[in-house]
Amino acid sequence: VFSLAACSSADSDSGGSGEADGVQELTIKISHVVAENTPKQHGALAMKEYIEKESDGKIKVQVYPNSQLFGDKDEYQNLVANNVQFIIPDMAKLVGNDPGFNIPSMPFLFKDDEAANAFWDGEKGQEIFKRLEKDGVLGLSMWPNGAKHITNEKKAIKTPEDLDGMKIRTQGGQLLEALYGDLGAGSTSIPFGELYTALQQGTVDGQENTFSNIESKKFDEVQKYMTVMGHTRVDYALLTNTKFWDGLNDETRKIIEKGVEEATKVARDSAADLNDEALKTLKDRGQVEIHELSESEIDAFKKHLEPVYSEWAEKIGADIIKDAESKSK
Ligand code: LMR
């Protein structure tokens, strides 16, 4: 697939990395936690293809999906240590760094991927990304995955009361914890790489995720019910290490920057389609009983979660939430 001109064909007199001119010879690692048939992997592969091609193979890009290199617990520290150059975490995993990353967990905030993209591309979204700079981390781009839906082992969820007493795995605490608390459910955050086993062993009753994550990790094998709800989202932050980035010469950085741009397009263009396909596959496999909430059932959840929404709008910042809301109008 990657028609690389061999390294030897590159007309390099510069003799290695760190030179002021010419593309630097580098090996870059991209690590993430999800499966292959996901927008994250599609984006990561597009980045690899573009950068390797445009650098005539001087830059090698290694992509590690499925928590092969690092998992949820250690990918951020390893980015800070420059053991990996790009990670693409679900923002819910960054809430400990800044409360603004709870935005994808604000119930029913964004109407679709485009609204979420517009917010993170805009001034307020970029401000939140900048808050990672204190760690030596640079936020380059937002990639959407999409709306989340609840799967569980106990019962078909149709009303807020149906969640009472359930134990739900979430991606990260804070707002998601408050949300499930409001619904009378307990919650705990478990790394994505350990989730299948946790569901199988009944450590938790359920979890919330996008169709493409549910399908590609076969959670339907270990869950009886799925409620199509779309109450929260998975949105990713493509992050790099500031020192690594600043150590690139202009020519090298331009190629990588353009690779990020291309990859962002691919990830954004493929997310909704992959979720549609995954839902079809889940229906075809027939292992989970699927309930699609009606408008009035969704309204009941919105009403129930209103206090959580208001409380967190204040915590995140009323001006930021207003800006986010404006993108769905
Ligand atoms: C999860 O942990 O459920 C997701 O955040 C995984 C991912 O990166 O999409």
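Residues numbered from 1 in each chain as written. Predicted model: local features only at pLDDT ≥ 70, side-chain atom pairs only at ≥ 80, totals over all residues.

- Looking at an unreviewed UniProt entry, one finds the protein chain named C4-dicarboxylate ABC transporter, with Fictibacillus phosphorivorans as its source organism.

**Some details on the site of the ligand**
Turning to step 1, where the next piece is worked out: Near the ligand you find Val33, Val34, Asp90, Asn145, Gln171, Phe192, Asn209, Asn213 and Val234, and these make up its full shell.
Turning to step 2, where the next piece is worked out: Partitioning the shell around the ligand into residue classes produces 4 nonpolar, 4 polar and 1 charged. (Near = placed C-beta within 6 Å. Nonpolar A, V, L, I, M, F, W, Y, C, P; charged D, E, K, R; others polar.)

**Here's the deal with the nonpolar core**
Generally speaking, soluble globular proteins have nonpolar side chains that are buried together.
Turning to step 1, where the next piece is worked out: Among the nonpolar cores identified, the biggest contains 85 residues, and Met47, Phe86, Leu179, Ala237, Leu238 and Leu239 are the most heavily contacted of them.
Turning to step 2, where the next piece is worked out: With 10 residues, the single largest contributor to this core is helix H9 (residues 250-285).
Turning to step 3, where the next piece is worked out: Excluding residues that lie within four positions of it along the chain, Leu239 makes contacts with Leu79, Phe86, Ile87, Leu132, Val137, Leu138 and Gly139. (Core = buried A, V, L, I, M, F, W, Y, C linked by C-beta atoms within 7 Å. Buried ≥ 20, exposed ≤ 12 C-beta atoms within 10 Å, placed from the backbone. Helix = DSSP H or I, 4+ residues; strand = E, 2+ residues; numbered from the N terminus. Contact = placed C-beta atoms within 7 Å.)

**With respect to the environment of Asp323**
Turning to step 1, where the next piece is worked out: Counting through the fold element by element, Asp323 comes out in helix H11 (residues 318-326).
Turning to step 2, where the next piece is worked out: Once you skip the residues sitting within four places of it in the chain, Asp323 turns out to touch Phe119, Gly122 and Lys124.

**Overview of the sheet that holds strand E8 (residues 206-209)**
Turning to step 1, where the next piece is worked out: A sheet is described by the order of its strands in space; here 6 strands give the open sequence E7-E6-E8-E5-E9-E11, paired in mixed fashion. Two strands close off the open sheet at either side, each with one partner strand: strand E7 (186-189) and strand E11 (289-292). Adjacent strand axes in the sheet meet at a mean angle of 25 degrees, parallel and antiparallel pairs treated alike.
Turning to step 2, where the next piece is worked out: In the sheet, strand E5 (residues 149-152) pairs with E8 via 4 bridges, with the strands oriented antiparallel. Among the inter-strand pairings, Ile150 is bridged to a residue of E8, identified as Glu208.
Turning to step 3, where the next piece is worked out: Taken strand by strand, helix H5 (residues 175-182) contacts strand E6 (167-170) and E7, and its axis lies near 160 degrees from that of E6. (Pairing = 2+ DSSP bridges. Axes fitted to C-alpha atoms, helices over the stretch in contact; angles between N-to-C directions.)

**Comments concerning unusual backbone geometry**
Turning to step 1, where the next piece is worked out: Even without a glycine there, the phi angle at Asp56 is positive, about 55 degrees.
Turning to step 2, where the next piece is worked out: Tracing the sequence through the fold places Asp56 in the loop between helix H1 (39-54) and strand E2 (59-64).
Turning to step 3, where the next piece is worked out: According to the C-beta neighbour criterion, Asp56 is partly exposed, with 18 such atoms within 10 Å.
Turning to step 4, where the next piece is worked out: Positive phi values are uncommon outside glycine, yet Phe108 reaches one of about 55 degrees.
Turning to step 5, where the next piece is worked out: With respect to the helices and strands, Phe108 occurs in the loop between strand E3 (86-87) and helix H3 (113-121).
Turning to step 6, where the next piece is worked out: Given 18 C-beta atoms within 10 Å, Phe108 falls into the partly exposed group.

**Concerning the confidence of the model for the protein chain**
Interpretation of the predicted coordinates at a detailed level should be avoided for regions scoring low in pLDDT.
Turning to step 1, where the next piece is worked out: Scored by pLDDT, the protein chain comes out at a mean of 94, with 94% of its residues at no less than 70.
Turning to step 2, where the next piece is worked out: Predicted confidence is poor over residues 1-19, with pLDDT under 50, and the contacts of this stretch with residues over four places away or in other chains come to 25 contacts.
Turning to step 3, where the next piece is worked out: In the model output, the complex is listed with pTM 0.93 alongside ipTM 0.99. (pLDDT = per-residue confidence, 0-100.)

**Overview of the environment of Thr188**
Turning to step 1, where the next piece is worked out: Residue placement: Thr188 occurs in strand E7.
Turning to step 2, where the next piece is worked out: In this structure Thr188 comes out as partly exposed when scored by C-beta crowding, with 14 C-beta atoms within 10 Å.
Turning to step 3, where the next piece is worked out: Among residues more than four places away in sequence, those in contact with Thr188 are Arg169 and Val204.

**Describing the packing of helix H10 (residues 295-316) against H11**
Turning to step 1, where the next piece is worked out: Two elements in contact, H10 and H11, have axes whose closest approach is 6 Å; the angle formed by their N-to-C orientations is 115 degrees. On the basis of the axis angle, H10 is roughly perpendicular to H11. On the side of H10, the interface is formed by Ala313, Glu314 and Ile316, while H11 contributes Ala318, Ile320 and Ile321.
Turning to step 2, where the next piece is worked out: When the residues that make up the contact of H10 with H11 are grouped by side-chain class, the tally is 5 nonpolar, no polar and 1 charged. (Parallel < 35°, antiparallel > 145°, perpendicular 65-115°, else oblique.)

**Concerning H5**
Given 3.6 residues per turn, any residue in an α-helix points the same way as the ones three and four places further on.
Turning to step 1, where the next piece is worked out: What H5 keeps buried is the set Leu175, Leu176, Ala178, Leu179 and Tyr180.
Turning to step 2, where the next piece is worked out: Summarising the contacts, the buried residues of H5 are in contact with E6, E7 and H10.
Turning to step 3, where the next piece is worked out: Positive phi shows up at Gly184, right after H5, with a value of about 80 degrees.

**So, the packing of H5 against H10**
Turning to step 1, where the next piece is worked out: It is at 9 Å that the axes of H5 and H10 come closest, and there the two elements cross at 155 degrees. On the basis of the axis angle, H5 is roughly antiparallel to H10. Classified by chirality, the crossing of H10 by H5 is right-handed. Of H10, the residues touching H5 (which contributes Leu175, Ala178, Leu179 and Asp182) are His304, Leu305, Pro307, Val308 and Trp312.
Turning to step 2, where the next piece is worked out: Residues that form the contact of H5 with H10 fall into these classes: 7 nonpolar, 1 polar and 1 charged. (Left-handed = near helix turned anticlockwise from the far one by under 90°.)

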